[in-house]
Structures are given as structure tokens and as C-alpha cells.
Amino acid sequence: MSTSERAFQVKLASTGQIIDVAADESVAQALLKAGVDLMTSCEQGVCGTCMTGVIEGIPDHRDSYLVPEEQAQNDVFMPCCSRSKSDLLVIDL
Ligand code: FES
């Protein structure tokens with residue numbers, strides 16, 4: 001991951017909990033650190049295991065699992081590798 005990444009926040013739709021995602025960590029890492037149960041496997045955006053719904057905000061897709069048409073819908077993303085273009089991403093967890 002390059003050093004030019006930016007930090008943002010994710011919000012869990014179920015509890016309203018807001019979790020900081022630092023520039024040098026993935027959403028998956030931040031979620032696990034916060035005690036959120038997230039299944040991951042490849043952690044490279046290829047398997048689809050970590051696929052998570054997006055309710056609000058614009059993901060910055062970095063995976064190679066979703067086809068571009070699916071990525072463009074911005075209703076799911078891969079928290080193991082994808083980031084956010086908006087300051088806050090509300091996710092379906
Ligand atoms: S863990 Fe494989 S796509 Fe995220």
C-alpha cells in the first residue's frame with residue numbers, strides 16, 4: 001500500500017459505531033481491531049469472501065473480484081483491499 005493513502009471512517013449500519021481507518025491499514029484490519037467479525041481469506045481482493053454491502057459513501061474499489069459494472073454500482077465492496085473516496089463509508093455490518 002502506498003504512503004499516499006488517506007484515512008477515512010467507516011460506520012456500521014447495525015450499531016452506528018464509527019471506526020477510523022488509518023492511511024496505512026485496510027478496512028478489514030480496522031474492523032478486526034475494533035472487534036468486528038469479518039471473514040477474510042485472500043486479503044488481495046480476488047476471492048470475494050469479505051464482500052460487504054455499502055449503504056452510503058463511495059468506495060474506492062481495488063479488488064479484482066467484482067466486474068467494473070458491479071464496482072460502478074457502489075453497493076458492495078471488498079474491505080480487505082478497497083478504500084473509500086468519501087470521508088465516511090456506511091457499511092452493512
Ligand atoms: S478476502 Fe478475498 S476479496 Fe477480500
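Presented here is an overview of the structure given in this document. (Residues numbered from 1 in each chain as written. Predicted model: local features only at pLDDT ≥ 70, side-chain atom pairs only at ≥ 80, totals over all residues.)

Brief notes about the overall build of the protein chain
- Secondary structure summary: the protein chain contains two helices and seven strands in total.
- Its C-alpha atoms give the protein chain a radius of gyration of 12 Å, near enough to 12 Å, the size a compact globule of 93 residues would have.
- By its C-alpha atoms, the protein chain is 30 × 30 × 25 Å across when sized along the principal axes.
- Taking all 93 residues of the protein chain together, the buried fraction comes to 30%.
- Partitioning the contacts of the protein chain with sequence separation of at least 6, the portion at a separation of at least 24 is 51%. (Helix = DSSP H or I, 4+ residues; strand = E, 2+ residues; numbered from the N terminus. Rg over C-alpha atoms; globule rule 2.2 N^0.38 Å. Buried ≥ 20, exposed ≤ 12 C-beta atoms within 10 Å, placed from the backbone. Contact = placed C-beta atoms within 7 Å.)

What to know about the environment of Cys50
- As for its placement among the helices and strands, Cys50 is situated in the loop between helix 1 (27–33) and strand 3 (52–56).
- For Cys50, a count of 24 C-beta atoms within 10 Å corresponds to the buried category.
- A C-alpha to C-alpha distance of 18 Å links Cys50 and Asp20, two positions 30 residues apart in sequence.
- Aside from chain neighbours lying at most four places away, what touches Cys50 is Ala28, Leu38, Met39, Thr40, Met78, Pro79 and Cys80.

Brief notes about the sheet that holds strand 2 (residues 18–21)
- Reading across from one edge, 2-1-7-3-5 is the order of the five strands in this open sheet, with mixed pairing throughout. Looking at the sheet topology across the chains shown, the edges are occupied by strand 2 and strand 5 (76–77).
- Judged from the two bridges that link them, strand 3 and strand 7 (residues 88–91) form a sheet pairing that is antiparallel. What sits directly across from Val54, in strand 7, is Ile91. (Pairing = 2+ DSSP bridges.)

Thoughts on the nonpolar core
- In this structure, Val27 and Met78 are the most contacted members of the largest nonpolar core, which totals 17 residues.
- For this core, the secondary-structure elements that each account for two or more residues are strand 1 (8–12), helix 1, strand 5 and strand 7.
- The element that contributes the greatest number of residues to this core is helix 1, accounting for four residues.
- In contact with Val27, not counting residues within four places along its chain, are Val10, Val21, Pro79 and Arg83. (Core = buried A, V, L, I, M, F, W, Y, C linked by C-beta atoms within 7 Å.)

Overview of unusual backbone geometry
- Phi at Glu43 takes a positive value of approximately 55°, unusual for a residue other than glycine.
- Relative to the elements of secondary structure, Glu43 occurs in the loop between helix 1 and strand 3.
- On the basis of neighbour counts, which here come to 16 C-beta atoms within 10 Å, the residue Glu43 falls in the partly exposed class.
- With a phi close to 55°, Asn74 is a non-glycine residue in the positive phi region.
- You can see Asn74 is positioned in the loop between helix 2 (68–73) and strand 5.

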